[in-house]
Amino acid sequence: MRGKKLVSLLLVGMLCSGMVFTSEASSASEAKKEAEEAKEKAEEAKEKSEELEEQKEQAETEKQALAAQLDALLTEITDIEDKIFNKQEEISLKEDELIQARVDENDQYESMKKRIKYMYENGNGQFVEILFEAKDLSDFLNKTEYISSISDYDRDMLKKYQQIVKDVEAQEAALQQEQEEMEAMQDELIAKQGSLESLLATKELEIGGLKEEIDSNAERVKKLEAAAKAAADAARKKAEAEAAAKEAAAREAAAKKNAAVSEAGSGEIVVSGNGTFTHPCPGYTRISSQFGYRTAPLRGASTNHKGTDFAAPTGTPIYAAAGGTVTSARYSGSAGNMIVINHGGGLQTYYMHCSRIFVSAGTKVAKGQHIGAVGTTGNSTGPHLHFQVMSGGVPVNAMNYL
Ligand SMILES: [Zn+2]
């Protein structure tokens, strides 16, 4: 049981750490890369928005063209409706005309028959029966051809009226033909109107779809831009945090080092050469003032220089020339901060003008131990170490011991 519980706890722990890993970039450079990718995505979505807008504009131009076509077509349809209406008026007039022509024809026929009847009742009776037996008008006319007594006038009039009827009939038929043609044209126009309207509806649907797509893409752009901004912010914060952590670590390390140094020096042992003494400031071999006679660098300074001055910047570590016991470590007038080490056998070393002292009287030091730092305390014209060797209580040339 306990084993199982432990395993599941471990699993939970792994999952949690995994989640942290996936939800947050592990370094500033990764966060920066993620931010760049997010920015790229947002820009792609923006480009897509522009494309969609262009497509929509195109579709709207097409829609306007279709609407203009439809307008023109509707005008045509109205025109043809007017024309059909006028044609129907014409046909109706022609119908009246035809009726009148048939009436005229019939009147002529009737009056003609009366005249013929009268004529034959008063003489030529033998033809009356023939005439009245006629099957129809043309039969009658054929028969009348043989009747010389019928007046030319009547015959001409009848022919004329008959011709008028024929003409009017033909005219009406022509008008009806025209009307039919117009109606066919009207049907065609209406069919065209239908297809134009459906095209227009399709175009409107397309525009509607594009509008929706534009809206949803705009939403997407917004989200991606927000994500890109968040990623950029996160990357910036991460970079700042990393820089701050680095800086803090450096500061802490420096502080630690300083603290250690201020308490007891760096603790390091630096020995150079194999003389009796190691150089107290290795690397700083330039001598700004020799042991022995010199012109006084300051008013009241000795012209008989008891030590050797090594020029070095303030803070340069000073190492014990040899092992021994510190007999003095304090401020001492013109010597400034001074350390004195007794090495036994009548030999002592003096270190003057120090900025820092890391040892105190009674401290046992090793050869090359970090005991202080170069400075310019006391009578001094600039940072340097005054290194002095005493043998049997008398200053001797330090260079003979290095
Ligand atoms: Zn000096």
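Position numbers for residues start from 1 in each chain and track the written sequence from start to end. Only residues with pLDDT of at least 70 are given local features in this predicted model, and only at 80 or more are side-chain atom pairs given and counted; all residues enter the totals for whole chains, interfaces and linings. Side-chain metrics rest on all non-hydrogen atoms present in the structure, leaving aside hydrogens and water.

1. A closer look at the overall build of the protein
Worth spelling out the cut-off: Strands here mean DSSP runs of E at least two residues long; helices mean DSSP runs of H or I at least four residues long; both are numbered from the N terminus. Only protein chains enter the area calculation, which uses a 1.4 Å probe; residues under 20% of their type maximum are buried, those over 50% are exposed, and those in between are partly exposed. What makes two residues a contact is simply this: any of their non-hydrogen atoms within 4.5 Å. We get accessible surface area from the Shrake-Rupley algorithm with a probe of 1.4 Å; when it comes to residues, only the shown protein chains can shield them.
Each helix and strand counted, the protein has five helices and 13 strands in total. Considering the protein as a whole, with its 402 residues, one finds that 32% of them fall into the buried category. Long-range pairs, those at least 24 residues apart, make up 70% of the contacts in the protein between residues at least 6 apart in sequence. For the protein, the exposed area adds up to about 25100 Å²; of that, 53% sits on carbon and sulfur atoms.

2. Section: the pairing of strand 12 (residues 384-391)
For clarity, the threshold we go by: Being paired, for any two strands, means DSSP has found at least two bridges between them.
Of all eight residues in strand 12, seven are buried, a share of seventy percent or more. Summarising the sheet, strand 4 (residues 308-311) and strand 12 pair through four bridges and their orientation is antiparallel. Along strand 12, the bridge assignment pairs F310 with L385. The sheet contact formed by strand 8 (residues 347-354) and strand 12 spans six bridges and is antiparallel. Residue pairing for strand 12: L347 is matched across the bridge by S391. The pairing of strand 12 with strand 13 (residues 394-396) spans three bridges and is antiparallel.

3. Quick look at the coordination of the zinc ion
So the rule is basically this: Counted as donors are the N, O and S atoms within 2.8 Å of the metal, or 3.2 Å for Na, K and Ca, while water is not among the atoms, so some sites may look incomplete.
Protein coordination of the zinc ion is provided by H305 (NE2), D309 (OD) and H386 (ND1), with donor distances spanning 1.9 to 2.2 Å. Of note, the donors binding the zinc ion are all from one chain and are spaced H-x3-D-x76-H. Remark: H386 occurs in strand 12 and H305 occurs in strand 3 (residues 304-305); sequence separation between them is 81 residues. The two residues H305 and H386 agree in class, both being buried.

4. Quick notes on the packing of aromatic side chains
What characterises a pair of aromatic rings is the spacing of the ring centres plus the angle enclosed by the ring planes. So the rule is basically this: We call Phe, Tyr and Trp rings a pair once their centres come within 6.5 Å, taking the six-membered ring for Trp, and we label the pair stacked below 30 degrees between planes, edge-to-face above 60, and tilted otherwise.
Per the stated rule, a full pass over the model turns up two aromatic pairs. Ring centres of Y351 and F387 lie 5.5 Å apart, and the angle between their planes is 40°; on these two criteria the pair is classed as tilted. Placement of Y351 in strand 8 and of F387 in strand 12 is noted, with a sequence separation of 36 residues between them. Given the relative accessible area of 0%, Y351 is considered buried.

5. Looking at the confidence of the model for the protein
Counted only if it meets this: For every residue, the pLDDT score states the predictor's confidence, bounded by 0 at the bottom and 100 at the top.
Looking at the protein as a whole, the pLDDT averages 85, with 84% of positions reaching at least 70. This model gives residues 1-23 a pLDDT under 50, and the stretch forms one contact once residues within four places in sequence are excluded.

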